[in-house]
Amino acid sequence: MVSQPTHAVPSRPSGPNQGRPRNCMLSFDAKNAVRIHRTSHFASYPYKGGQTTWTSLWIVMLCMVAAMSPPLAAEDFRTKAKEMFYHGFNGYMQYAFPLDELNPVNCSGRGPDYSDDDNWNINDVLGNFSLTLVDSLDTFAVMGDKLMFHRMVQLTIDTVHFDVNSRVQVFEVTIRVLGSLLSAHLFLTNPELGMEMEGYKGELLKMAKNLADRLLPAFYESPTSFPYPRVNLKVGVVPWEANSTCTAGAGTLLLEFGVLSRLTGNPEYEHLARKALFELWERRSRLDLVGNTLSVQDSSWINGMAGIGAGIDSYFEYLLKGSILFGDDGYHDIFIDAYEAILAHIKDPHGYVYKNVNMDTGRLAVTWVDSLAAFFPGLQVLAGDLTNAVKHHWFYFTIWKRYRALPERFDFSMQQPSINNYPLRPELIESTYFLYQATRNPIYLEAGELMLKDLEQFTRTKCGFSSLSDVVRKTPEDRMESFFLSETIKYLYLLFDSDHFINKADSNWVFTTEGHILPVQRNFISKTDGVRASLPRRKTSSDSTARSKTPRTCPNTQNSPFSGSLFMTTQHVQHSNSNVSPTPRRSPTNSTSQPEYFPNASESVAPPYYGFPIPLPHVLAVNTIVGLHQDPMTERILTSVGGIDAWHAARDQATSHAGSCDLKNADENDNGDVYASAAAASACVPGRIRNWNHDLQQQQTTSRRPVHQIKYEGGWRKVVEVVGAYLFVRVVSRGASYFLDRR
């Protein structure tokens, strides 16, 4: 077990309001009367000499002392992230090793469920090969713990093998195990990283090759280019294997298989992964959208739900990262086409929601989004579309602020989670990390601080960290998935370590979808010109709403066979100063260069917003959509621009002009009054609600069609689909009513 000191959770923010407790903010009026603003209640308590009590005096004195105390540095949070990693890993080694995962509530281990072969939630990822140990290897290297890195590498070599009777998912084992073995091998063999291990003879690479060879029957026994979703590591594909796979499962093997081909000299691994990836794109719809689930037998679409979340997400990720790692323009060209289709058909015209749509028609299919799609802002940063990334991230972070975790699914029509659990996923933290690297805006450090504290407060147990079965009640679930140590904590650690070699401007790295780090090396660059083969458009026959549901074969869905996501605008930013990873050779076509969102950029947030990356009206609008009514961050910026009372006065005045607002142009009104514009942005929706409801009812009565098949033809900008509009109404009305009632 690793010995690591325990550090208390930092109690003060490192963000713009440094050194001040978030429930106590000070301001002085014209008469020098001290007021204490309780940010959780929008209330102020005047101090008038003898009319106050000794208790009030002590509160004032404590707040003043707190305001003068030095702020906690990012180093404190980096240290805390490291302590959290060792707490979770020590618990696994003490109570679970050599099994695959830790049960952090009962402090025991778990492996495959041999009693129920169809328990995919367990058996897809737990193969009796010490999963948490293997998946965590390169995290030791990232944290600079050379001694423990070498010890755990040797333990892996001595104890882990893959000649096991386990039926596992090809995708999950590839990204968690194969990717980690390759990353650790590259750390060990690169003298510049200082992680060389005496006596190491490439054993991890040999293990990676052995594992990949056991996965190949999923390709060889398939009648198409798409692999079967699962394979038994000892006997191959079983006769009763499922005949369907998802887009991410078939199209997210490129980085690991490609690196393995380059390290071993065997091109077969990359050839199979590349062929599946291109074949998926060949089966795109006329709208350049790909569906969620397809048949391994005949390559037809079984489920035509298009989105950017579970079941599809990492397909887009590996197109872009494959072009960076291997220098292949073919991958990049497909990514650009796919991304433009996402902006055109999946992104809501208002820039707030990335919908789940029918891949053939582009019509709204469901009214929820899932947590896996929170990775997408990070991918947008890598693509150079920083403007959309900033807005996209803020939506998911607002959901986190409401629940202090990210539910697996959030239904924006009901303004509540539709799947309540949180399995310690890293996607939002990953995007936060990438945005901070690109902008250096301290608000992302503050966001990371909040998420770190919430993980510590709501998920820590005596021997690890537990998932949450209900983000509302904060009910623990007795499972700590391996990606918590390989991704979630790793991104938190790197977020607070600006001087880390991974974060240097001259560093070239690509993170796999499991957070494993692969260096961009000259010997990885493709020797071909990278020109892709002709990919003709293929018509898709049937509407996705008529396609039947299939057994869960898609990765990481937690009973979520489809996916969705949120947020974006129509403008692109070509980012040239990012320290994250190499920017692709060209930005999306038809792009318009815009100022980047650095802390003091003209189109970003000036000091009155305390460094918020999007303008105040948009902050308030997103809060209203998510249903977040009491939020210290928002209350801080309201206070910073003059006080809560002025805000309420502006809202009162704005309600009389609610029907004429335009959120896109509401950053400032003609008089430069930020209150009036912010109030108008938040108050405008109630005036639209009546129109939307009326139009929705009228169209539904006239057409007698299901709601999700009615296309919205009127109202705000005449592009919001009926269900999206109805849902927007339900969500916004609650928040708007709250503010109006608090006059």
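Residues numbered from 1 in each chain as written. Predicted model: local features only at pLDDT ≥ 70, side-chain atom pairs only at ≥ 80, totals over all residues. Heavy atoms only, no water.

S.K.: Whenever I open this one, the overall build of the chain confuses me. Can you help?
M.R.: In terms of regular secondary structure, the chain is built from 24 helices and 19 strands. Counting over 743 residues, the chain shows a buried share of 64%. When contacts within the chain are restricted to residue pairs at least 6 apart in sequence, long-range pairs at least 24 apart make up 73% of them. Carbon and sulfur atoms make up 49% of the accessible area of the chain, which amounts to about 27,200 Å² in all. (Helix = DSSP H or I, 4+ residues; strand = E, 2+ residues; numbered from the N terminus. Buried < 20%, exposed > 50% of the residue type's maximum accessible area, 1.4 Å probe, protein only. Contact = heavy atoms within 4.5 Å. Areas by Shrake-Rupley, 256 points an atom, 1.4 Å probe, with all protein chains shown as cover.)

S.K.: Got a minute to help me understand the packing of aromatic side chains in this structure?
M.R.: Each aromatic ring pair is characterised by the separation of its centres together with the angle its planes make. Evaluation of the coordinates by the stated rule reveals 30 aromatic pairs. Note on Phe-89 and Tyr-92: the rings are 6.2 Å apart at their centroids and 50° apart in plane angle, and the pair reads as tilted. Of this pair, Phe-89 and Tyr-92 are both found in helix 2 (residues 74-95), 3 residues apart, which corresponds to roughly one turn of the helix. Cluster of aromatic residues (ring-pair linked, three or more members): Phe-85, Tyr-86, Phe-89, Tyr-92, Phe-97 and Phe-140. Directly above the ring of Trp-120 sits Arg-230, whose terminal nitrogen or CZ lies 3.7 Å from the centroid. When the ring centre of Trp-368 is taken as reference, the NZ or CZ atom of Arg-409 above it lies at 3.8 Å. (Phe/Tyr/Trp six-rings, centres within 6.5 Å; stacked < 30°, edge-to-face > 60°. Lys NZ or Arg CZ within 6 Å of the ring centre and 35° of its normal.)

S.K.: Would you take a moment to explain the side chain of Asp-631 for this structure?
M.R.: Mapped onto the secondary structure, Asp-631 falls in the loop between helix 20 (616-626) and helix 21 (632-640). Relative accessible area serves as the criterion here: at 6%, Asp-631 is assigned to the buried category. There is a polar contact of 2.8 Å between the side chain of Asp-631 and the side chain of Lys-401. (Polar contact = N/O pair within 3.5 Å; in protein donor to acceptor, adjacent residues only side chain to side chain.)

S.K.: When you look at the packing of helix 2 against helix 19 (residues 483-495) in this model, what are you seeing that I'm missing?
M.R.: For any two helices packed against each other, the geometry is given by the interaxial angle and the distance between the axes. Where helix 2 contacts helix 19, the axes come no closer than 8 Å and their chain directions differ by 165°. One element, helix 2, and the other, helix 19, form an angle in the roughly antiparallel class. Like other packed secondary-structure pairs, helix 2 and helix 19 cross with a definite hand, here left-handed. Listed contacts from helix 19 to Arg-78, Ala-81, Lys-82, Met-84, Phe-85, Gly-88 and Phe-89 of helix 2 are Leu-485, Ile-489, Leu-492 and Tyr-493. Broken down by class, the residue content of the contact of helix 2 with helix 19 amounts to 8 nonpolar, 1 polar and 2 charged. (Axes fitted to C-alpha atoms, helices over the stretch in contact; angles between N-to-C directions. Parallel < 35°, antiparallel > 145°, perpendicular 65-115°, else oblique. Left-handed = near helix turned anticlockwise from the far one by under 90°. Nonpolar A, V, L, I, M, F, W, Y, C, P; charged D, E, K, R; others polar.)

S.K.: Could you clarify how one ought to interpret the pattern of salt bridges in this entry?
M.R.: What the rule picks out here adds up to 27 salt bridges. Put simply, Glu-172 and Arg-176 hold a salt bridge, and the shortest N to O gap is 3.0 Å. Of this pair, Glu-172 and Arg-176 are both found in helix 7 (residues 170-189), 4 residues apart, which corresponds to roughly one turn of the helix. Each member of the pair, Glu-172 as well as Arg-176, carries the same accessibility label: buried. The salt bridge involving Asp-288 is made with Arg-284; its shortest N-O contact spans 3.0 Å. Taking relative accessible area as the criterion, Asp-288 reaches 14% and is therefore assigned buried. (Salt bridge = Lys/Arg side-chain N within 4 Å of Asp/Glu carboxyl O.)

S.K.: I would appreciate a short explanation of the pairing of strand 16 (residues 467-470) in the present structure.
M.R.: Consecutive residues of a regular strand have side chains that alternate between opposite faces of the sheet. The pairing of strand 16 with strand 17 (residues 475-477) spans 3 bridges and is antiparallel. By the bridge assignment for strand 17, Leu-468 is matched with Pro-476. Linking strand 16 to strand 17, which pair antiparallel, is a turn of 4 residues; within it Lys-474 sits at a positive phi near 60°. (Pairing = 2+ DSSP bridges.)

S.K.: Please clarify how the environment of Val-471 should be interpreted in this entry.
M.R.: By secondary structure assignment, the location of Val-471 is in the loop between strand 16 and strand 17. Using a relative accessible area of 0% as the deciding quantity, one classes Val-471 as buried. Among all residues touching Val-471, those that are not within four sequence positions of it are Tyr-403, Ala-405, Leu-406, Pro-407, Pro-417, Asn-420, Asn-421 and Tyr-422.

S.K.: Hey, could you run me through the sheet that holds strand 13 (residues 368-370) in this one?
M.R.: Across a sheet, strands are paired by hydrogen bonds formed along the backbone, either parallel or antiparallel in direction. Across the sheet, which stays open at both edges, the 3 strands sit in the order 13-14-15 with antiparallel pairing between neighbours. Single-partner strands in this sheet number two, and they are strand 13 and strand 15 (416-419). Strand after strand, the sheet turns through a mean of 35° between neighbouring axes, direction not considered. In the packing of helix 16 (residues 386-403) onto the sheet, contacts are made with strand 13, strand 14 (409-411) and strand 15, and the angle to strand 14 comes to roughly 95°.

S.K.: I keep staring at the sheet that holds strand 9 (residues 293-295) and nothing clicks. Help me out?
M.R.: The strand order 8-9-10 describes an open sheet built from 3 strands, whose pairing is antiparallel. Edge positions in the sheet fall to strand 8 (244-246) and strand 10 (301-303), since each of these pairs with one other strand and no more. Neighbour-to-neighbour, the strand axes of this sheet turn through a mean angle of 35°, independent of strand direction.

S.K.: Hey, could you run me through the side chain of Ser-299 in this one?
M.R.: Positionally, Ser-299 belongs in the loop between strand 9 and strand 10. Apart from residues no more than four positions distant in its own chain, Ser-299 is found in contact with Thr-224, Phe-226 and Arg-283.

S.K.: Just checking my understanding: could you explain the environment of Val-238 for this structure?
M.R.: Considering the arrangement of structural elements, one finds Val-238 in the loop between strand 7 (230-232) and strand 8. It is 9.8 Å that separates the C-alpha atoms of Val-238 and Ala-218, two residues lying 20 residues apart in sequence. Among all residues touching Val-238, those that are not within four sequence positions of it are Arg-167 and Asn-232.

S.K.: Which parts of the structure should I look at to understand the state of the cysteines?
M.R.: By definition, a disulfide links the sulfur atoms of two cysteine residues through a covalent bond. Summed over the entire model, instances satisfying the criterion amount to 1 disulfide. With its sulfur 2.2 Å from that of its partner, Cys-107 forms a disulfide with Cys-463. On the sign convention where negative is left-handed, the bridge of Cys-107 and Cys-463, at about -110° about the S-S bond, is left-handed. Of the two residues, Cys-107 sits in the loop between strand 4 (101-103) and strand 5 (108-110) while Cys-463 sits in the loop between helix 18 (443-459) and strand 16, which places them 356 residues apart along the sequence. A residue is classified by how much of its surface remains accessible, and Cys-107, at 13% relative accessible area, is buried. Classification of Cys-463 by relative accessible area gives buried; the value is 1%. (Disulfide = S-S within 2.5 Å.)

S.K.: Honestly, the packing of helix 6 (residues 146-159) against helix 7 in this entry has me stumped. Any pointers?
M.R.: Interhelical geometry of helix 6 versus helix 7 gives an angle of 130° and a closest axis separation of 12 Å. If you check the angle between helix 6 and helix 7, you find them oblique. As for the relative orientation of helix 6 and helix 7, their crossing is left-handed in sense. The residues of helix 7 that touch helix 6, namely those facing Phe-149, His-150, Val-153 and Thr-156, are Leu-181, Ala-184, Phe-187 and Leu-188. Its residues assigned to classes, the contact of helix 6 with helix 7 comprises 6 nonpolar, 2 polar and no charged.

S.K.: I would appreciate a short explanation of helix 11 (residues 254-264) in the present structure.
M.R.: Given 3.6 residues to a turn, an α-helix orients residues that are three or four positions apart in the same direction. Most of helix 11 sits inside the fold, with 8 of its 11 residues counted as buried. Here helix 11 has its buried residues at Leu-254, Leu-255, Glu-256, Phe-257, Gly-258, Val-259, Leu-260 and Ser-261. Immediately beyond the C-terminal end of helix 11, within one or two residues, lies Gly-265, with a positive phi of roughly 80°.

S.K.: Help me out: how do you make sense of unusual backbone geometry in this one?
M.R.: Cis geometry is adopted by the peptide bond preceding Pro-98, which originates at Phe-97 and carries an omega value of 10°. Checked against the element boundaries, Pro-98 lands in the loop between helix 2 and strand 4. Positive phi outside glycine occurs at Asn-128, with the angle close to 65°. Tracing the sequence through the fold places Asn-128 in the loop between helix 3 (120-123) and helix 4 (131-135). Backbone geometry places Ser-299, a non-glycine residue, at a positive phi of 65°.

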